[in-house]
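What the coordinates show
The chain contents come next:
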Amino acid sequence: MELKWNVPVFRPWIPSKLPSLPLLLMLVLSLCLFSPTKCLDLDPDDKSSLLCFNSSVQDPNRSLATWVGSNCTNWTGISCENRTGRVVSVNLANMSLSGKVLPCLCNLSFLEYLNLSGNNFNGTIPTCFGQLANLKTIDLSYNSFSGVLPDNITRLGQLRELVLNANRQLGGDLPWWIGNFSSNLEKLDLSSNSFNGEMPDSLFHLKSLRHLDLGYNYISGNVHEFYQSLEFLGLASNKLFGTLPCFSASTKSLTVLTLASNSLVGGIPTCIASLEALAHLNLSFNHMSYGISPRLVFTEKLLVLDLSFNDLSGPLPGKIAEATEKSGLVLLDLSHNRFSGKIPLKITELKSLQALFLSHNLLTGEIPARIGNLTYLQVVDLSHNSLSGSIPLDIVGCFQLLALILNNNNLSGEIQPELDALDSLKILDVSHNKISGEIPLTLAGLKSLEVVDLSSNNLSGTLNDAITKWLNLKYLSLAHNKFSGNLPSWLFTFEAIQVIDFSGNKFAGFIPDGNFNISFRSNNGNSVRDPKVPFISVKSVEIKVSAMVIDTSELSFNFKVSSMVGIDLSDNLLRGEIPNVLFEVEGLEYLNLSYNYLDGQLPSLEKMWNLRALDLSHNSLSGQIPGNISTLKDLILLNLSYNSFSGSVPVNQGYQRFPGAYAGNPDLCVESSGEGCERGSPPAEPGKTFEEVEGPILVWVFCVSAFVSFYLGVVGLFCSARARSYILQTKV
């Protein structure tokens, strides 16, 4: 049948001169006539193979609904050869597909590119993939494939990229043939799987190899020298041991080297600094020791240096990397080592530095005033050292600062009012120092603050309502200071607050009987908790920070407060009755009002559905223990000791789960199964408190307000273009 389409020029359309076909069909046919490649027909055999493959695929988003007809260009993810219509590329990445990959996919004999990444395909990798002799790329990453790598892949002699990472059930022994089946192989990514055994010798000599990532497996053996020009080498989180080689064959090419979380020993050889293109070096979580040689100076191309969690000692390197005004280190992490001495001034010359982690060392002396020269600095953690002096006023020069973490040092002096210039600050932690004075009213200007920990210092004074300007506040600890005065009526009105810890001060008066903001009610019984995580004491507080340098120019600063939601007002001078409203906050997970002078009766606990721990000990509470608590399934600690409770506690109300919780209440009768009634007598050893009797896991357990893990993501630290595309995660 011959079709003709006559279009009159400069005249009205005359229907009688055209075939009686729908207009849409004619348009399609015209495109085929004038642009044949846009209507390329699929080879019938390849079409059948694709439809067979699709028959076993679950496609909730209907991404493959376009797989109808024969026009190759309409089939989502499919590309065909222009003349023959044979399928040369299948790209179905990130389409939420699932199911098994049927062998009929292997009938696409001209296939060169296969990408099924970012889905949920399962089962074993089909052995018939070895039939696809033209394949140059296989990407099955981020799926649920299991089993072992089929030996038939050795037949793919033209393969350039084999990417199978993030299939946790895929593993077994690392195949002996992995380094010699294709002389064209440039990229091999088997990371985040379950491979074990040692790397075969052939892998060290494969000349074509440029990108090798075997990280996050169970690979063992000695760290070996590689004899090709690698650009990326990822061996993190394995069972490798030995000393660090020089990687001499990759002197001009290697840009990323990560051997974190292995068992490397010895020092850091100075030859590592001769890697001219190195931009990312991560040797964290090993057993490396000795000092850092003064001759170990990296080029200005190094963006990320992470040597944390080792056993390195001696003074901090005076100069560890070349730097220019706009290039050089973006992130430096030397935390969790045994470095000693002062912080060298040379570090303040790393003008491009955006994240500095020196915590958990043996550093002494003062914080260099010239730290204010680091105008790009956004995260600084100098905690857990022996630094002295005051917080340098020049730090306000770091006007982009988001997190200032100086806890557990010997810092003194007062908090300077000028710190209000850090108006981007989200985390301020100066706890466990010797800082004195009052909280400056000017800090009300730090409206971005989300975490404030001033605990365990010598701070004093009363609370000023300037604090209410911290509208985003999630965590506030003033514990173990010398604050005094009455608790303000606005105490529980912060919109985002999850933890308030004012324990160990001299606050007096009544507990505010006001409205509680929705933040304390946010859990509603739906929070996800780890029941294995124990309550820990206030002395074990730490802030965990993660920083990433990635390919983005936007800053996203995120962290997550632990699911624990609580109030700690213990060890103060509070008096009067406990407001009933405090026991109607459904989201509250722990409450500690112990060691005060509170009186009156205990309100009902039945509405506190998320309650995990309650300590009201060492007060003057009286009356009967309120009704049934058997519905509080999450309650694991209860302490009502040393009060004046009376009456009886029936055995069927759930209180029998907490033996010893009523000590020091002589008029209280605690029923027990078959044994009648026992009086709440004091512990056998005079002077022992409830926590000491119950064992070490409960020692000052109700300082759990300190149990907060902060996951702070500093994403894209406004890096220069050269800093992008390199990813680092550092835990402090």
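You'll find the protein chain entered in an unreviewed UniProt entry as Receptor-like protein CLAVATA2, with Gossypium hirsutum given as the organism. Annotation of the protein chain in UniProt includes, under Subcellular location (unreviewed entry), the sentence "Cell membrane". Database annotation for the protein chain, UniProt heading Sequence similarities (unreviewed entry): "Belongs to the RLP family."

**Topic: the overall build of the protein chain**
A count of helical and extended segments in the protein chain gives 4 helices and 50 strands. The buried share among the 732 residues of the protein chain stands at 54%. Partitioning the intrachain contacts of the protein chain with sequence separation of at least 6 by distance along the chain shows that 55% fall at a separation of at least 24. When the accessible surface of the protein chain is summed, it comes to about 31100 Å², and 52% of that surface belongs to carbon and sulfur atoms.

**A short note on the sheet that holds strand β24 (residues 338-341)**
Ordered in space as β20-β22-β24-β26, the 4 strands form an open sheet in which the pairing is parallel. Bordering the open sheet on either side are β20 (289-290) and β26 (362-363), each of which pairs with just one other strand. In the sheet, β20 pairs with strand β22 (residues 311-315) via 2 bridges, with the strands oriented parallel. Residue pairing across strands places S289 opposite D311, the latter belonging to β22.

**Observations regarding the state of the cysteines**
A covalent bond between the sulfur atoms of two cysteines is referred to as a disulfide. Inspection of the entire model under this criterion finds 4 disulfides. Disulfide pairing is shown between C52 and C104; the S-S distance is 2.3 Å. Taking the torsion about the sulfur-sulfur bond, which here is approximately -90°, the covalent link between C52 and C104 counts as left-handed. Of this pair, C52 sits in helix α2 (residues 44-54) while C104 sits in the loop between β4 (98-100) and β5 (113-115), placing them 52 residues apart in sequence. Paired by a disulfide, C106 and C128 hold their sulfur atoms 1.9 Å apart. Linking C106 and C128, the disulfide has an S-S dihedral of approximately 60° and is accordingly described as right-handed. Of the two residues, C106 sits in the loop between β4 and β5 while C128 sits in the loop between β6 (120-124) and β7 (137-139), which places them 22 residues apart along the sequence.

**Observations concerning the sheet that holds strand β8 (residues 144-148)**
Strand order in this open sheet of 9 strands is β1-β4-β6-β8-β10-β12-β14-β16-β18, and the pairing throughout is mixed. What marks the edges here is a single partner per strand, and that holds for β1 (57-58) and β18 (263-264). With 3 bridges joining them, strand β12 (residues 194-198) and strand β14 (residues 218-222) adopt parallel strand pairing. If you follow G197 over to β14, its bridge partner there is I219.

**Regarding α2**
Every buried residue of α2 is accounted for by D46, S49, L50, F53 and N54. Down the axis of α2, the buried side of the element spans an arc of 135°, and every buried residue falls inside it. Facing away from the buried side of α2 by over 90 degrees, the exposed positions are P44 and D45. Looking at the buried residues of α2, the elements they touch are β1, β2 (78-80), β3 (87-91) and β6. N-cap assignment for α2: the residue whose side-chain oxygen lies 3.0 Å from the backbone N of D45 is D43.

**A few points about the pairing of β6**
The side chains of a regular strand alternate between both faces of the sheet. When β4 meets β6, the two strands line up parallel, connected through 3 bridges. Each bridged residue has a counterpart across the sheet, and for S98 the counterpart in β6 is N120. In this sheet, β8 lies alongside β6 in parallel orientation, the contact comprising 3 bridges. Pairing of N122 across the sheet is with S144, part of β8.

**Brief notes about the environment of D173**
Here D173 lies in strand β10 (residues 169-173). Those residues in contact with D173 that sit more than four places away from it in its chain are F195, N196 and G197.

**Remarks on the side chain of S383**
Along the chain, the position of S383 falls in the loop between β27 (379-381) and β28 (403-405). Residue S383 is classed as buried on the basis of its relative accessible area, which comes to 3%. Discounting chain neighbours no more than four positions away, the residues touching S383 are S359, H360, I405, L406, N407, N408 and N409.

**Considering the confidence of the model for the protein chain**
On average, residues of the protein chain carry a pLDDT of 83, and 80% of them reach 70 or more. Residue range residues 1-37 is modelled with pLDDT below 50. Its contacts to residues more than four positions away, or to other chains, number 17 contacts. Within the model, the stretch residues 522-542 combines pLDDT values under 50 with 42 contacts to residues more than four positions away or in other chains.

**Side note on the pattern of salt bridges**
On inspection of all chains with the given rule, the structure shows 11 salt bridges. Note that R83 is salt-bridged to E81, the shortest N-O span being 3.5 Å. Taking the relative accessible area as the measure of exposure, R83 reaches 76% and is therefore exposed. Classification of E81 by relative accessible area gives partly exposed; the value is 24%.

**Quick notes on the pairing of β22**
Of the strand pairs in this sheet, β22 and β24 are connected by 3 bridges, and their pairing is parallel. Pairing of G314 across the sheet is with F339, part of β24.

**Considerations on the packing of aromatic side chains**
Evaluation of the coordinates by the stated rule reveals 9 aromatic pairs. Arranged with centres 6.4 Å apart and planes meeting at 40°, the rings of F53 and W67 form a pair that is tilted. Placement of F53 in helix α2 and of W67 in the loop between β1 and β2 is noted, with a sequence separation of 14 residues between them. For F53, a relative accessible area of 0% corresponds to the buried category. Pairwise contacts between aromatic rings join F53, W67, W75 and F121 into one cluster.

**Quick look at the environment of T84**
Mapped onto the elements of the fold, T84 is located in the loop between β2 and β3. In this structure the C-alpha to C-alpha distance between T84 and L42, which are 42 residues apart in sequence, comes to 8.2 Å. For T84, the side chain forms a polar contact with the main-chain nitrogen of R86, separated by 3.3 Å.

Conventions and cut-offs
Residues numbered from 1 in each chain as written. Predicted model: local features only at pLDDT ≥ 70, side-chain atom pairs only at ≥ 80, totals over all residues. Heavy atoms only, no water. UniProt positions renumbered as here; feature names shortened; annotations may be inferred. Helix = DSSP H or I, 4+ residues; strand = E, 2+ residues; numbered from the N terminus. Buried < 20%, exposed > 50% of the residue type's maximum accessible area, 1.4 Å probe, protein only. Contact = heavy atoms within 4.5 Å. Areas by Shrake-Rupley, 256 points an atom, 1.4 Å probe, with all protein chains shown as cover. Pairing = 2+ DSSP bridges. Disulfide = S-S within 2.5 Å. Arc of directions from axis to C-beta. Polar contact = N/O pair within 3.5 Å; in protein donor to acceptor, adjacent residues only side chain to side chain. pLDDT = per-residue confidence, 0-100. Salt bridge = Lys/Arg side-chain N within 4 Å of Asp/Glu carboxyl O. Phe/Tyr/Trp six-rings, centres within 6.5 Å; stacked < 30°, edge-to-face > 60°.

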